[in-house]
Amino acid sequence: MRRIALILACLAAVVFLYSCRKGEPQNGDNGDKKLTIAVIPKGTTHIFWQSVHAGALKAGEEFGVEIEWIGPERESDREKQIQIIDDCIVKKVDGIVLAPNDAKALVPAVEKVAAKRIPCVIIDSAVDTDKYITFAATDNYQGGGIAARRMGEILGGKGNVLVLKYAPGSASTEKRENGFFDTIKKEFPDITIVDSKYGMDTVETSLQAAEDLLTKHADIDGFYACNETTAVGTLQALTSQGRIDQVKFVGFDAGDTLVNGLKQGKIDSLVVQDPFKMGYEGVKAIVDAINGKTVDKRIDTGVELITLNRLEEPAIKKLLNLQ
């Protein structure tokens, strides 16, 4: 009888321990271990990506997950970004939030992540595959259209315009460029886009490209630049050539240099994204997917046209992180 009682007691203990174990988080060998989510931006130097990082950290704190922030220094370094993704797969992170720096070159890496059954969220810029949970980003085509309508308004519907593009293969900026081109063509037939050029991924290369365009074309009424680096390069070029008061300038994104240019009247307006929300929503979507919740395939993080008279609006001050 004692032996039977002992066996029954042992079985009861095993059942109890198993039931407790079933109720623990299954994130690793240690039930108390936090999920680790890698957030991989296009680059790490621009203020835009620092805002993405801040949003990811906020979500990490809110949902109790570790954020591993790692990306290439330069946004043009596709090979480095692919290497980082491979390293994250080897480390068996619990999820990846990725801003692809090339829509086509990153396809094999994203599909490899999916094959390893690691949840992946795409932010900021699209990739040419559907092997991800969701895409959280600005409607960049709409943003380009907003910039075009602002240009049409401030030019009175007529004039000559230059466009400084970003880089081939960058899906987000290509949509901003196409949205601008298409809207000008459809809605402002008396505005001519006389030339465009790629500024690439640094302020220095953007400055040189903008100066080349301005030197080549003396009779210019407007200038559109489609991201932070191209906008800063354009601002510097217009200033150095003494044409800042002659050319209406519409930019995209909102680093400190650009916001100061807006305050000083050197920039007419900025089309602004919400990078903090991209980082936050990217991490949140990973956590929701791991917990079995439904996640929409597309999350629109919004876009705003910022002019000087909007800088005091509470929502705009929060968006731009102004005190």
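Residues numbered from 1 in each chain as written. Predicted model: local features only at pLDDT ≥ 70, side-chain atom pairs only at ≥ 80, totals over all residues. Heavy atoms only, no water.

Asks: Where do I start with the overall build of the chain in this structure?
Replies: If you tally the helices and strands in the chain, you get 11 helices and 12 strands. Within the chain, the fraction of its 323 residues that count as buried is 49%. Accessible area of the chain: about 15,800 Å², with a carbon and sulfur share of 51%. (Helix = DSSP H or I, 4+ residues; strand = E, 2+ residues; numbered from the N terminus. Buried < 20%, exposed > 50% of the residue type's maximum accessible area, 1.4 Å probe, protein only. Areas by Shrake-Rupley, 256 points an atom, 1.4 Å probe, with all protein chains shown as cover.)

Asks: Explain the environment of Leu 258 to me, please; I cannot follow it from the model alone.
Replies: Counting through the fold element by element, Leu 258 comes out in helix 9 (residues 256-263). What Leu 258 contacts, discounting residues up to four positions off in sequence, is Glu 228, Ala 231, Val 232, Phe 252, Asp 253, Ile 267 and Leu 270. (Contact = heavy atoms within 4.5 Å.)

Asks: Before we go on, may I ask you to explain the environment of Tyr 280 in this structure?
Replies: Along the polypeptide, Tyr 280 turns up in helix 10 (residues 275-290). Between the C-alpha atoms of Tyr 280 and Gly 60, which are 220 residues apart in sequence, the distance is 8.2 Å. Not counting residues within four places of it along the chain, the set of residues in contact with Tyr 280 comprises Gly 55, Ala 56, Lys 58, Ala 59, Glu 62 and Phe 63.

Asks: Would you mind going over the nonpolar core with me for this structure?
Replies: Nonpolar side chains tend to gather and get buried jointly when the protein is soluble and globular. Grouped together as the largest cluster of nonpolar side chains are 27 residues, with contacts concentrated most on Leu 164, Phe 223, Phe 249, Ile 306 and Leu 320. Per-element accounting of this core gives the leading share, 5 residues, to helix 8 (residues 228-240). Excluding residues that lie within four positions of it along the chain, Phe 249 makes contacts with Phe 223, Ala 225, Ala 231, Thr 234, Leu 235, Leu 238, Lys 266, Ile 267, Asp 268 and Ser 269. The next biggest cluster of nonpolar side chains, apart from the first, holds 24 residues, and it includes Ile 40, Ile 85, Val 93 and Cys 120. (Core = buried A, V, L, I, M, F, W, Y, C linked by side-chain atoms within 4.5 Å.)

Asks: Please clarify how the packing of aromatic side chains should be interpreted in this entry.
Replies: Describing an aromatic ring pair means giving the distance of the ring centres and the angle of the ring planes. With the rule as written, the count across this model stands at 4 aromatic pairs. Relative to Tyr 280, the ring of Phe 63 has its centre 6.1 Å away and its plane inclined at 50°; by these criteria the two rings are tilted. Within this pair, whereas Phe 63 is found in helix 2 (residues 47-63), its partner Tyr 280 is found in helix 10, the two being separated by 217 residues in sequence. Using a relative accessible area of 28% as the deciding quantity, one classes Phe 63 as partly exposed. Arranged with centres 4.2 Å apart and planes meeting at 15°, the rings of Phe 180 and Tyr 224 form a pair that is stacked. Remark: Tyr 224 occurs in strand 8 (residues 222-225) and Phe 180 occurs in helix 6 (residues 171-187); sequence separation between them is 44 residues. Residue class for Phe 180 comes out buried when judged on its relative accessible area of 0%. Judged by its relative accessible area of 0%, Tyr 224 falls in the buried class. (Phe/Tyr/Trp six-rings, centres within 6.5 Å; stacked < 30°, edge-to-face > 60°.)

Distances and angles like these do not, on their own, reveal function.
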